[in-house]
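Chain residues, written in single-letter form:
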Amino acid sequence: MWAYWQSVPAHWREIPARYRLEGGECQDCGYRMIPREDICPKCGSRNVKPIDLPRKGKVVNYTVIWNAPRGYEYYTPYVIAIIELEDGTRLTAQLTDVEPSDVKEGMEVEMVLRKTRVSGESGLIAYSYKFRPLIK
Amino acid sequence: MVYIVGVGLTPVGNHWSKSLRHLAVEASVKALEDYGKDVDYVVVSNMLSGVINGQENLGSYVVSHLGKIGTPAIKIEAAGASGAAASVVAQGLISSGVAERVLVVGVEKMTDYTSLEDTTSALSTAIDSEYEGFPGGTLDAMHALVMREYMKKYGVNREDFSYFPLLMHKNAVDTPHAQLRFKLKPESYMRSPMIAEPITLLDLAPVSDGAAAIVLSKEPDGPNGNAEILSVGHATDTIAIYRRESLTEMPAIRAAFSEALERANIERDSIDLYNIHDYSSVIGYITTEELGLAERGKAPELFKNGGADRDGPTPVNPEGGLKARGNPVGATGVYQIAEAFLQVTGRAEGAQVEGAKTALTLSAGGLASNVIIHLIRGV
Ligand SMILES: [Zn+2]
């Protein structure tokens, strides 16, 4: 059961990344990442500082999910995409406010805060970043 | 030197009447009877018993039900590579002198989750649950991203992916312990329901129960056949795929393969068959490319033209692989090594590759994020 159940502290401690895209920037090699790591995955440096990542980017790859995991059935079908932010940092995110058939590679997107996961009838309702087509 | 000296398999499938303990005991008893002697250590492999069955401490659990109370026992987990990892640990116990004969038993009981949503959640614990799973990603979705990239890069279409499951199903017909022992029609593949575009149900391994056991010994003292573990190669990659440079290359496979060849000091030509970890059609293709059986982007042709057939030049998964033998995930690595053992000792029944002496097994956890290769030779 706990494969999809989530506690309040488990979500709370990820809030900097999930609410405002706080990532990390390696002070030695410049590599940026989300979430922030204590150790840079590229060069091994321990000098990684928090940084607010850009909230705009583009879709580089995506899939339409028809068989959702427990807790996400409500959104089916939905799109999971690899997004490249304006500074080159990549992350995995759900797309919102878009029909799956309208999604294209290279599509410009921006971050919004949305309800993401409900852990059962009496459980936590977790919010986090999703990306929608850029409103120009 | 460590040898495989005994084997026992349960059929892979939906074992509604059998629990985790029944399956583990059934395979273990068969392996111990095949070997004919006792063991002094038990290494259990499993991935999902804590999630699905609410049972951990599988070392004690298995020996308690196996009538071996007192024997030292542990559980090893590395997602889909759990079984191969258990073998690696067992070899270490033997070569370090801690044990002389080790029972390695892999067991998984997945069908106690009766909905696909729950099974998907459980399997998706093999990816980064906080930054891939939390936004709604699944293990299948990660394979879908790889498949889309592969199609784009090499200009191949859905039909090109059918050759993989077609061969796996054809091979499984002859495999006594396989789950899906029926041929697949090309039109069934093309009509298969979408799971995560472009991945369909028939691109993926099924949900399975099963247990497999092997006995490892420092002597080739098995009465029914023996095989030497020539070498192991083992490498990892990032658990989250959005941090990877490429989705169509799996560098952990290359690293594990070159290490295994070097340690065994053999040429790749001397490998008679390849037992690979095909959680999806596309990872089956990329794995054969990383192992040098096909040029990049050309694996579909290898499978279409019979190159990977059981009687072809480089047989791949003569038992049907994860796709059709089935994927009781934490036990799968032990099934693979057990199948290779049966092959190189001439006991693979209908699945036998004629004259096979040396076999490769490749097990992978997550999306090739933990890759373990064994090279095994009959003695
Ligand atoms: Zn760095």
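Scroll up to find the structure this text is about.
Residues numbered from 1 in each chain as written. Chains lettered and ligands numbered in written order. Predicted model: local features only at pLDDT ≥ 70, side-chain atom pairs only at ≥ 80, totals over all residues. Heavy atoms only, no water.

Draft legend 1. Molecular detail of the overall build of chain B. Each helix and strand counted, chain B has 14 helices and eleven strands in total. For chain B, whose C-alpha radius of gyration is 19 Å, the value lies close to the compact-globule estimate of 21 Å for 379 residues. Expressed along its principal axes, the backbone C-alpha trace of chain B runs to roughly 55 × 45 × 35 Å. In chain B, which comprises 379 residues, the share counted as buried stands at 69%. Summing over all exposed atoms, chain B offers an accessible surface of approximately 12400 Å²; the carbon and sulfur share of this is 48%. (Helix = DSSP H or I, 4+ residues; strand = E, 2+ residues; numbered from the N terminus. Rg over C-alpha atoms; globule rule 2.2 N^0.38 Å. Buried < 20%, exposed > 50% of the residue type's maximum accessible area, 1.4 Å probe, protein only. Areas by Shrake-Rupley, 256 points an atom, 1.4 Å probe, with all protein chains shown as cover.)

Draft legend 2. View of the overall build of chain A. The helix and strand tally for chain A stands at two helices and eight strands. When the helices and strands of chain A are placed in sequence order, the string is α-α-β-β-β-β-β-β-β-β. Dimensions along the principal axes, computed over C-alpha positions, put chain A at roughly 45 × 35 × 25 Å. Per-residue burial for chain A yields a buried fraction of 49% across its 136 residues. For chain A, the accessible surface area stands at approximately 6900 Å², while carbon and sulfur atoms represent 50% of it. Of note, chain A has its 20 positive side-chain charges centred 2 Å away from the centre of its 18 negative side-chain charges. (Lys, Arg positive; Asp, Glu negative; His and termini not counted. Charge placed at Lys NZ, Arg CZ, Asp CG, Glu CD.)

Draft legend 3. Focus on the sheet that holds strand β3 (residues 48-52) of chain A. Residue and element names in this part refer to chain A. One open sheet accounts for three strands, arranged β2-β1-β3; its pairing is antiparallel. Pairing within the sheet leaves two strands with one partner each, and these edge strands are β2 (32-33) and β3. Where strand β1 (residues 22-26) meets β3, five bridges bridge the pair, whose relative direction is antiparallel. Counterpart to Glu25 in the pairing with β3 is Lys49. (Pairing = 2+ DSSP bridges.)

Draft legend 4. Looking closely at the sheet that holds strand β3 (residues 73-76) of chain B. Residue and element names in this part refer to chain B. Sheet architecture is open: nine strands sit in the order β3-β2-β4-β7-β1-β8-β11-β10-β9, paired in mixed fashion. Two strands bound the open sheet, and with one partner strand each, they are β3 and β9 (273-275). Going across the sheet, the axis of each strand differs from the next one's by a mean of 25°, ignoring polarity. Judged from the six bridges that link them, strand β1 (residues 3-9) and strand β7 (residues 209-217) form a sheet pairing that is antiparallel. Of the residues in β7, the one forming a bridge with Ile4 is Leu216. Helix α10 (residues 251-264) contacts β8 (227-236), β10 (358-365) and β11 (370-378) of the sheet and is inclined by roughly 145° relative to β8. (Axes fitted to C-alpha atoms, helices over the stretch in contact; angles between N-to-C directions. Contact = heavy atoms within 4.5 Å.)

Draft legend 5. Geometry of the coordination of the zinc ion. All names here are of chain A. Listed as protein donors to the zinc ion are Cys26 (SG), Cys29 (SG), Cys40 (SG) and Cys43 (SG); their distances from the metal cover 2.3 Å. Considering all four donor atoms around the zinc ion, angles at the metal cover 104 to 113° and the coordination shape is tetrahedral. Here the donor residues for the zinc ion map to a single chain with the spacing C-x2-C-x10-C-x2-C. Of the two residues, Cys26 sits in strand β1 while Cys43 sits in the loop between β2 and β3, which places them 17 residues apart along the sequence. (Donors = N, O, S within 2.8 Å, 3.2 Å for Na, K, Ca; no water. Tetrahedral: all angles 85-135°; square planar, octahedral: opposite > 155°, others 65-115°.)

Draft legend 6. Looking closely at the nonpolar core. Core analysis: the biggest nonpolar cluster contains 113 residues, and A:Ile83, A:Phe131, B:Leu291 and B:Phe303 have the highest contact counts within it. Filtering out sequence-adjacent residues up to four positions away, A:Phe131 remains in contact with A:Leu21, A:Arg55, A:Ile83, A:Leu85, A:Leu91, A:Ala93, A:Gln94, A:Leu95, A:Thr96, A:Val109, A:Glu110 and A:Met111. One finds B:Val43, B:Ile76, B:Ala340 and B:Ile372 within the second-largest nonpolar core, a separate group that totals 41 residues. (Core = buried A, V, L, I, M, F, W, Y, C linked by side-chain atoms within 4.5 Å.)

Draft legend 7. Broad picture of the pattern of salt bridges. For the structure shown, the criterion picks out 31 salt bridges over all chains. The residue A:Glu25 makes a salt bridge to A:Arg32 at a minimum N-O spacing of 2.9 Å. Given a relative accessible area of 21%, A:Glu25 falls into the partly exposed group. Salt-bridge contacts for B:Arg244 lead to B:Asp237; the nearest nitrogen and oxygen are separated by 3.6 Å. Judged by relative accessible area, B:Arg244 falls into the buried class, the value being 9%. Counted as one network, the salt bridges with shared partners bring together B:Glu249, B:Arg254, B:Glu290 and B:Arg296. (Salt bridge = Lys/Arg side-chain N within 4 Å of Asp/Glu carboxyl O.)

Draft legend 8. Summary view of a nonpolar patch on the surface. Taken together, the side chains of A:Tyr19, A:Leu113, A:Ile125 and A:Tyr127 define a hydrophobic patch exposed on the protein surface, amounting to about 340 Å² of accessible area. Structurally, A:Leu113 is set in strand β7 (residues 108-118). (Patch = residues over 30% accessible without salt bridge, like charges linked within 9 Å, V, L, I, M, F, W, Y side chains within 5 Å.)

Draft legend 9. Region of the structure containing the pairing of strand β4 (residues 101-109) of chain B. Residues and elements named next belong to chain B. In terms of burial, β4 is a largely internal element, eight of the nine residues being buried. For strand β2 (residues 41-45) and β4, the ladder comprises five bridges, and the chain directions are parallel. Looking across to β4, one finds that Val42 is bridged to Leu103. As paired elements, β4 and β7 share nine bridges and run antiparallel to each other. Paired with Glu108 across the strands is Gly210, a residue of β7.

Draft legend 10. Spatial organisation of the packing of helix α7 (residues 139-154) of chain B against helix α11 (residues 281-290) of chain B. Residues and elements named next belong to chain B. Running from N to C, α7 and α11 point in directions that differ by 60°, and their axes come no closer than 9 Å. Of α11, the residues touching α7 (which contributes His143, Val146, Met147 and Tyr150) are Val282, Ile283, Tyr285, Ile286 and Glu289. Partitioned by chemical class, the residues of the contact of α7 with α11 number seven nonpolar, one polar and one charged. (Nonpolar A, V, L, I, M, F, W, Y, C, P; charged D, E, K, R; others polar.)

Draft legend 11. A look at the packing of aromatic side chains. Using the criterion set out here, one finds ten aromatic pairs over all chains in the structure. With a centroid separation of 5.9 Å and 85° between ring planes, the pair formed by B:Phe164 and B:Tyr285 is classed as edge-to-face. Taken together, the residues span a long stretch of sequence, with B:Phe164 in helix α8 (residues 163-172) and B:Tyr285 in helix α11 at a distance of 121 residues. In textbook terms, an aromatic cluster arises when at least three aromatic residues are bridged by ring pairs, as seen for B:Tyr150, B:Tyr154, B:Phe161, B:Phe164, B:Tyr285 and B:Phe303. Its end group placed over the ring of A:Tyr75, A:Lys130 keeps NZ or CZ at 3.8 Å from the ring centre. Above the face of the A:Tyr62 ring, B:Arg148 is positioned so that its terminal group lies 3.9 Å from the ring centre. (Phe/Tyr/Trp six-rings, centres within 6.5 Å; stacked < 30°, edge-to-face > 60°. Lys NZ or Arg CZ within 6 Å of the ring centre and 35° of its normal.)

Draft legend 12. Examining helix α1 (residues 20-35) of chain B more closely. Residue and element names in this part refer to chain B. An ideal rise of 1.5 Å per residue puts 22 Å on 16 residues; α1 measures up with 23 Å between its terminal C-alpha atoms. Restricting attention to buried positions, one finds in α1 the residues Leu20, Leu23, Ala24, Val25, Ala27, Ser28, Ala31, Leu32, Asp34 and Tyr35. In this structure, the buried side of α1 is in contact with β1, α2 (49-53), α3 (58-65), β4 and β7. Note on α1: the residue one or two positions beyond its end, Gly36, has a positive phi of about 85°. (Expected span 1.5 Å × (residues − 1).)

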